[in-house]
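# Fold and contact review
The residues making up each chain are set out below.
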Amino acid sequence: MGSRTAELFSEIDKLRTELLNNVEAMIDRRRAEEEISHFDTAVGLQMSSGCSVTTIRSDCPASATKFAQIVKIISVIYRLVQSNSYATKRDIYYNNTQLFGSQRTVDTIVDDISCLLKIPRRSLHVLATSKGLISGHLCYLEEDGTRINCHSSSAAVAVSSNIVGIRNIVSSAKFIMIVEKDATFQRLLDDHFCTKLSPCIIITGKGVPDVNSRLMVRKLWDVLQIPIFALVDADPHGIEIMCIYKYGSVAMSFEAHSLTVPSVMWLGLLPSDLQRLRVPEEALIPLSKKDEGKLNSLLKRPYLTSQPDWQKEMELMQQSKVKAEIQSLAAIAPDFLTSIYLPNKLRYGGWV
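Fair warning: this is a prediction, and the values are worked out from it, not measured in the lab.

## Concerning helix H5 (residues 103-117)
- Under the 1.5 Å per step criterion, the end-to-end length of H5 is 22 Å for 15 residues, consistent within 8% with the ideal 21 Å.
- Those residues of H5 that fall on the buried side of the exposure criterion are Gln103, Thr105, Val106, Ile109, Val110, Asp111, Ile113 and Ser114.
- If you follow the buried residues of H5, they end up packed against helix H2 (64-83), helix H3 (89-95), helix H4 (97-100) and strand S4 (126-127).
- Positioned one or two residues after H5, lysine 118 has a phi angle of 60°, which is positive.

## Regarding the sheet that holds strand S6 (residues 139-141)
- Strand order in the open sheet made by the three strands is S7-S6-S9, with antiparallel pairing throughout. Each end of this open sheet is capped by a strand with a single partner; those strands are strand S7 (147-149) and strand S9 (167-170). Adjacent strand axes in the sheet meet at a mean angle of 10°, parallel and antiparallel pairs treated alike.

## Considering the environment of glutamate 142
- Among the secondary structure elements, glutamate 142 is positioned in the loop between S6 and S7.
- In contact with glutamate 142, other than residues within four places in its own chain, are Ile148, Ser160, Asn162, Gly165, Ile166 and Arg167.

## Section: the pattern of salt bridges
- Summed over all chains, the structure comprises 11 salt bridges.
- Across the pair arginine 301 and glutamate 240 runs a salt bridge whose closest N-O atoms are separated by 2.9 Å. Taken together, the residues span a long stretch of sequence, with arginine 301 in the loop between helix H12 (289-299) and helix H13 (308-320) and glutamate 240 in helix H9 (residues 236-247) at a distance of 61 residues.
- For arginine 301, a relative accessible area of 22% puts it in the partly exposed group.
- One connected set of salt bridges, linked through shared partners, spans Lys181, Asp233 and Glu325.

## Focus on the sheet that holds strand S5 (residues 133-136)
- Pairing is mixed across the open sheet formed by six strands, whose spatial order is S8-S5-S11-S10-S12-S13. Across the chains shown, the open sheet's two edge strands, defined by having one partner strand only, are strand S8 (157-158) and strand S13 (265-268).
- Here two bridges tie S5 to S8, and the two strands are oriented antiparallel to one another. The residue bridging isoleucine 134 from the neighbouring strand is valine 157, located in S8.

## Let's talk about the pairing of S5
- The alternating pattern of S5 places Leu133 and Ser135 and Ile134 and Gly136 on opposite faces, both of which are buried.
- Alignment of S5 against strand S11 (residues 201-204), held across four bridges, turns out to be antiparallel. In the strand pairing of S11, isoleucine 134 is matched with isoleucine 203.

## A look at the nonpolar core
- The biggest cluster of nonpolar side chains holds 81 residues, and the ones touching the most others in it are Ile134, Met177, Phe193 and Met216.
- Of the residues forming this core, the biggest block, seven residues, is contributed by helix H8 (residues 211-224).
- Setting aside chain neighbours within four positions, we find isoleucine 134 in contact with Cys150, Ala156, Val157, Val159, Phe185, Ile201, Ile202, Ile203, Met216 and Leu220.

## Considerations on the environment of serine 161
- With respect to the helices, strands and loops of the structure, serine 161 is situated in the loop between S8 and S9.
- For serine 161, a relative accessible area of 32% translates into the label partly exposed.
- Once the C-alpha coordinates of serine 161 and valine 126 are considered, the two residues, 35 residues apart in sequence, prove to be 9.9 Å apart.

Reading the values: the criteria
- Residues numbered from 1 in each chain as written.
- Predicted model: local features only at pLDDT ≥ 70, side-chain atom pairs only at ≥ 80, totals over all residues.
- Heavy atoms only, no water.
- Helix = DSSP H or I, 4+ residues; strand = E, 2+ residues; numbered from the N terminus.
- Expected span 1.5 Å × (residues − 1).
- Buried < 20%, exposed > 50% of the residue type's maximum accessible area, 1.4 Å probe, protein only.
- Contact = heavy atoms within 4.5 Å.
- Pairing = 2+ DSSP bridges.
- Axes fitted to C-alpha atoms, helices over the stretch in contact; angles between N-to-C directions.
- Salt bridge = Lys/Arg side-chain N within 4 Å of Asp/Glu carboxyl O.
- Core = buried A, V, L, I, M, F, W, Y, C linked by side-chain atoms within 4.5 Å.

As C-alpha cells, then:
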C-alpha cells in the first residue's frame, strides 16, 4: 500500500517542488518591480491605474437615489466597524429593501466602496453568504473557536463566510482539487474519492465561484503550498470558471492579491482527452454560436499568452467544434471518472 501511494503521488510531489521554486522566483521578481501592470502573472488581473471615475451627487435628480443608497450603506458599515460586528450583504439589503430595490444594487455598492477605499470587503465587516462546499483531509478553527473537521467520506462542509478568521489549519493533503459543479463534487463524495486517493482536499464553488470559495482556495495555497488542480467541463464556460480561480475577474481585480492562485493547473476535462479516450460521439455536444464567441474571447485574454498548452487545448476545441461535460466519461464506464480517469491523471502527470 505504501509503495502504491508513493507511486501515485510521485508526479504530484515533483510538481509541488517546481511550484515552490516558482513562488520564490516570483517573490524575488516582484521585489524588483516598481510598478504593477494591468496583468501580473504572479498575481492575476490587476486594477488599471487609469480607471474612469464616476461622480455621484446628492443635488442631481439623476443620481440622488444612488447617493442615498451609498450613504445608507456607508452608515451601516460604520456601525458594524464601530461595534466590531459583521453582517451579510443580504442583511444590508433587507435593512431597507425599498431604498435598494434589489440585492444586486447592494452588492455593487459594497464592491465600489471596497474599491474606493482600497481595502478588502471583509475589512468593511461585510460578509457574503457562502455557497461553496469543501471536503477531505483538513481541520481548522473558525474565528469563534469552533473546530471544523472536513475529513468525511460522505458529507461536505460549507465554506466559511469569514475566511480571514480561520486559523490553526492542519492537513497532510498532497493536493487540492477545485471541482466546477456540485453534481460532480457529490459524485466524488459518493464514490469516496477522498478516501481512495487520501490525503487530498476537494472544493466546489458550485459553478461560478463566490468570493468565499476563492478566498478559501487562496488561504489553503498560502498555508499548505501544495498543488491545486481544476476539474471542469471541457467547454468555454468551464474554462472561464477555472480562469477566475487562477487569474481573477475584472469585477474583483482590486482584491487580486487575496483571491487568485496563479499556480492552478488544468487537470481535466481536456479537449484532447475526448479524442484520446474516444468518448462516444453521442456524449459530445456541438459548440453553439455563444460558445464559439466565448472561446474566441478567452483566447484573446492577455494571461493566456503564458499558457501555450491551454491555448492548444482551446484551439483543439475550436477545430473539433464540440464540447463535453465531465459526466460524459460515464458513457465509457459508470465509475470511469473516479476509478480510472482521475487516478491515472494524478499518477502520470496528466495536467497542463
